[in-house]
Amino acid sequence: MEAGHGKAAARGLSPHGGLISAAIAPGCFQGLRWVVRPLARSAWSQGEVLAYPLERTVADDLIVQVKQANDIVDVVREYLPLRRQGRTYKGLCPFHDDHHPSLDVDPVRQRFRCWACGKYGDVITFVQERERCSFREAVEMLARRAGIAIGWGNPQRDQERSAWYELLRWAEEQYRRFLWESPRAGVAREYLAARGLNKETLVEFGIGFAPPEWDWLARRALHVGWTPAQLVTVGLCGQRESDAALFDRFRGRVLFPIRDVRGRTVAFGGRILPGSEEQPGVPKYYNSSDTPLFRKSEHLYGLDRARAAAEQCGYLAVVEGYTDVLMAHQHGCRAVVATLGTALNQAHLQQLKRYVPRVVLVFDADSGGDRGVELALQLFLEQDIELAIAQLPAGLDPCDFVRTHGREAFEQVLTQAVDALEYKLRQELTPTALATLAGRRQAVERVLQVLARLPARGSHATQVKRELAIAQLARRTGANEITLWRRLQELYRQSHRVPGDPEEPPVRQVAVDPLERQLLEILLAEPTLIHQVRSALPLPEIQHRGLRLVLTRMYRLAEAGLQPTVDRLRQEFADRPRLGEYLLRLHDRGQLLQNRDQWLQALLAAFQERRSQRLREQVQAQLRSLDSDAPPPTELLRQIQEGHSFPS
């Protein structure tokens, strides 16, 4: 392979089929009478690239150490069976519904690839995809697996965060032990038993109880060495302004530990006991305030316990309360989570999309579900994720329904949930609305406004769903289907930006110039060459917005004295895993090239010729626009005669 690339280079050919020699061929300036103004100074030269601070990254040598200590075959085998086939290993791909082994794991290159769904990457990518975690979290997991001590960029900050997690774990244990061991918690145990929750479920979820004392936890914490600052930071205690004395945030409440997706306690939710609800100003439910570890609007209760079951069944059911989740899990319905007293939002949706393609919202008939459906529709439709609505009988919340009717009845409710668009059609196209011409017109308009929120380039299922909805709308209202499509197009233009112009388009959705792609291949394979490129190639020269963003980030890293390696860039783009996978592919292709420095010089010459060609086109355009008798500028003619070249 490498020898072949060497021969291609000698002929001026791209190793991937492109002709560099054609782009580098020198041009001539015959017939040109003057030159145009120099190109504007690049954003890099003006300092615009450094307008935002450099993100902290994991040391490259640590990542290399973690990779070397975690053979990809061994790691993948912990998730699925593999069998040897030639020089690689084969298995069923865990990233799609695979029935014929299409996953290849290469122990030599330390890469995996699915030939069916296209997933590709290294051992870190595999853990990211399988665990639905960030790049840094995947490195942490692999480091723990190999027994490697991690030293991140800010050891003091990481040590501080570790202490917060440990403090919350300690507090959970104190509350849990008080619930089961103290005679004063008898009323809490009776309440939980009356709700039908057994001890096994309560222990699994770490349920506890806080006694009705002002500083019960604070005194215990200070006694064993926790500081007031730590207790206040994680939301366990507050401090009086008068004397800075600590007081417990949770008093006289059943406590539900709120855990992140990795199972770490980050906050608590407290439910006051029956009989205390009449106290003025005392909320029935009380959650931890936002802290460095917790934001109420971003977490889903029970997700750490529900994720495995959700991946199996393909959906997550979202309910409204802690006990709804506990009762569902107790009866074996594990793919159930709850919001923390807030409506579903974009942060929740991002969490849900990491695990499932479908979400089922569970409402009871008395809970104002119609309003919740309306808000959820606005959120979900633009994201191209399936949303279904499950409605319970009036007077029964999920906890009561599961307890009364059992697992099979609840699972039937979930599997028979109505698609949200169908729910909207039923909601709007009632006999009353269809009884009059005005009612039909208003109902049609409301449904079309919902359909206009669907993404223009959504999945095939979304497109079919839209077509069926239009056909049903026409059939049930008597409207002309063509007229409905025209009105839908008008509403779409009003509610969306120009299609295909997102702020940062995914790389694979836009054609990539071979020169620009090859430049990234070389730089990712040989990041030490970045300094040659910085001095020779202004950022505006890169036409593809996604690759220009990557090169911008590489320039920033180089300016900060860091090598822009592919793993460092994957951290920089941790929120865009598809881009990270693409960069890894470019890196691996660049690794196949010999004499990368020579390849780079050829590419830079090609960029120079492309720049000159644009200038020639600008000059020719100006020449064509001039009057035939217009005299040429004397000064520019003098510069040409003196041998001045086109500005670059």
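Residues numbered from 1 in each chain as written. Predicted model: local features only at pLDDT ≥ 70, side-chain atom pairs only at ≥ 80, totals over all residues. Heavy atoms only, no water.

1. A few points about the overall build of the protein
In terms of helices and strands, the protein carries 28 helices and 16 strands. Taken across its 648 residues, the protein has 46% of its residues classed as buried. Sequence separation of 24 or more characterises 68% of the internal contacts of the protein that already satisfy a separation of 6 or more. As displayed, the protein offers around 32,100 Å² of accessible surface, 49% of which is attributable to carbon and sulfur atoms. (Helix = DSSP H or I, 4+ residues; strand = E, 2+ residues; numbered from the N terminus. Buried < 20%, exposed > 50% of the residue type's maximum accessible area, 1.4 Å probe, protein only. Contact = heavy atoms within 4.5 Å. Areas by Shrake-Rupley, 256 points an atom, 1.4 Å probe, with all protein chains shown as cover.)

2. Here we look at the sheet that holds strand β5 (residues 120-121)
One open sheet holds the 5 strands; their spatial order is β1-β2-β3-β4-β5, and the pairing between them is antiparallel. Edge positions in the open sheet fall to β1 (83-85) and β5, since each of these has one partner strand only. Inspection of the sheet shows β1 paired to strand β2 (residues 88-91) by 3 bridges, in the antiparallel sense. Directly across from arginine 84, in β2, lies its bridge partner tyrosine 89. (Pairing = 2+ DSSP bridges.)

3. Observations regarding the pattern of salt bridges
In total, this model carries 44 salt bridges according to the counting rule given. Between glutamate 204 and arginine 305 there is a salt bridge, with the nearest N and O atoms lying 3.8 Å from each other. Taken together, the residues glutamate 204 in helix α9 (residues 199-204) and arginine 305 in helix α12 (residues 303-313) connect sequence positions 101 residues apart. The exposure class of glutamate 204 is partly exposed, given its relative accessible area of 21%. Judged by its relative accessible area of 33%, arginine 305 is partly exposed. (Salt bridge = Lys/Arg side-chain N within 4 Å of Asp/Glu carboxyl O.)

4. Here we look at the sheet that holds strand β6 (residues 208-210)
Strand order in the open sheet formed by 4 strands is β6-β9-β10-β11, with antiparallel pairing between adjacent strands. Looking at strand neighbours, the two that pair on one side only are β6 and β11 (285-287), the edges of this open sheet. Between one strand and the next, the sheet's axes are offset by a mean angle of 35 degrees, whatever the strand orientation. One ladder, built from 7 bridges, connects strand β9 (residues 253-259) with strand β10 (residues 265-272); its direction is antiparallel. (Axes fitted to C-alpha atoms, helices over the stretch in contact; angles between N-to-C directions.)

5. Points about the nonpolar core
One finds Tyr175, Ile207, Leu236, Val254, Tyr301, Val362 and Phe410 to be the most contacted residues of the largest nonpolar core, which totals 65 residues. With 9 residues, helix α7 (residues 155-181) is the largest single contributor of residues to this core. The residues contacting valine 254, other than those within four sequence positions of it, are Ala188, Tyr191, Leu192, Ile207, Gly208, Phe209, Gly269, Gly270, Arg271 and Leu273. Within the second largest apolar cluster, 47 residues are counted, among which are Leu434, Val444, Ala452 and Leu473. (Core = buried A, V, L, I, M, F, W, Y, C linked by side-chain atoms within 4.5 Å.)

6. Description of the pairing of strand β15 (residues 386-392)
Residues in a regular strand point their side chains to alternate faces of the sheet. Counting buried positions along β15 yields 5 of 7 residues, so the element is predominantly enclosed. In this sheet, β15 lies alongside strand β14 (residues 358-364) in parallel orientation, the contact comprising 7 bridges. By the bridge assignment for β15, arginine 358 is matched with glutamate 386. Sheet topology places β15 next to strand β16 (residues 418-419); 2 bridges connect them, and they run antiparallel. Residue pairing for β16: alanine 388 is matched across the bridge by aspartate 419.

7. Focus: the packing of helix α13 (residues 322-330) against helix α16 (residues 398-415)
Look at α13 against α16: their axes get within 9 Å of each other, and the N-to-C directions meet at 30 degrees. Regarding the angle of α13 to α16, the classification is roughly parallel. As for the relative orientation of α13 and α16, their crossing is right-handed in sense. Contact with α13, carried on its side by Thr323, Asp324, Met327 and Ala328, involves Pro398, Cys399, Val402, Arg403 and Phe410 of α16 and no other residues of that element. Of the residues belonging to the contact of α13 with α16, the class tally is 6 nonpolar, 1 polar and 2 charged. (Parallel < 35°, antiparallel > 145°, perpendicular 65-115°, else oblique. Left-handed = near helix turned anticlockwise from the far one by under 90°. Nonpolar A, V, L, I, M, F, W, Y, C, P; charged D, E, K, R; others polar.)

8. With respect to the packing of aromatic side chains
On inspection of all chains with the given rule, the structure shows 16 aromatic pairs. Summarising the aromatic geometry, the rings of phenylalanine 250 and tyrosine 286 are spaced 5.4 Å apart at their centres and angled 65 degrees between planes, so their arrangement reads as edge-to-face. Here the residue phenylalanine 250 occupies a position in the loop between β8 (246-248) and β9, and tyrosine 286 occupies one in strand β11, the gap between them amounting to 36 residues. Overall, tyrosine 286 belongs to the partly exposed group, its relative accessible area being 26%. Following the ring pairs from residue to residue traces out a cluster consisting of Tyr175, Phe178, Phe209, Trp216, Phe250, Phe268 and Tyr286. The ring centre of tryptophan 180 lies 4.8 Å from the NZ or CZ of lysine 199, which sits over that ring. Positioned over the ring face of tryptophan 214 is arginine 251, at 3.9 Å from the centre of the ring. (Phe/Tyr/Trp six-rings, centres within 6.5 Å; stacked < 30°, edge-to-face > 60°. Lys NZ or Arg CZ within 6 Å of the ring centre and 35° of its normal.)

9. A closer look at the pairing of strand β12 (residues 315-319)
Counting buried positions along β12 yields 5 of 5 residues, so the element is predominantly enclosed. Going residue by residue along β12, you find Tyr315, Ala317 and Val319 tucked away on one face and Leu316 and Val318 tucked away on the opposite face as well. Note that β12 and β14 share 4 bridges and pair parallel. By the bridge assignment for β14, leucine 316 is matched with valine 359. With α13 bridging β12 and its parallel neighbour strand β13 (residues 336-338), the resulting β-α-β unit is right-handed. (Right-handed = clockwise from strand over helix to strand, strands pointing away.)

10. Things to note about the environment of alanine 605
The residue alanine 605 is located in helix α27 (residues 596-625) in this model. Taking C-alpha positions, alanine 605 is 9.7 Å from alanine 536, a pair spaced 69 residues apart along the chain.

11. So, unusual backbone geometry
For alanine 244, which is not glycine, the phi torsion reads 60 degrees and is therefore positive. With respect to the element layout, alanine 244 can be found in the loop between β7 (237-239) and β8.

12. Side note on helix α3 (residues 60-69)
Here α3 has its buried residues at Asp60, Leu62, Ile63 and Val66. Down the axis of α3, the sector holding all buried residues measures 160 degrees, keeping them to one side. Turned more than 90 degrees away from the buried face of α3 sit Asp61 and Gln68, all of them exposed. Residues of α3 that are buried make contact with α5 (123-131), α6 (135-146) and α25 (566-572). (Arc of directions from axis to C-beta.)

13. A closer look at α5
Counting buried residues along α5, 8 of its 9 residues qualify, which places the element largely inside the surrounding structure. Those residues of α5 not exposed but buried are Val123, Ile124, Thr125, Phe126, Val127, Gln128, Glu129 and Glu131. The N-capping residue of α5, defined by a side-chain oxygen 3.2 Å from the backbone nitrogen of isoleucine 124, is aspartate 122. Two residues or fewer after α5 comes arginine 132, characterised by a positive phi angle close to 55 degrees. (Polar contact = N/O pair within 3.5 Å; in protein donor to acceptor, adjacent residues only side chain to side chain.)

14. Observations concerning the confidence of the model for the protein
Per-residue pLDDT for the protein averages 79, and the proportion of residues at 70 or more is 79%. When mean pLDDT is compared element by element in the protein, β6 scores highest at 97, while helix α2 (residues 20-24) scores lowest at 32. Low pLDDT (under 50) marks residues 1-56, which in the prediction has 107 contacts with non-local residues, meaning those over four places away or in another chain. The low-confidence segment residues 635-648 (pLDDT under 50) makes 19 contacts with residues lying over four places distant or belonging to another chain. (pLDDT = per-residue confidence, 0-100.)

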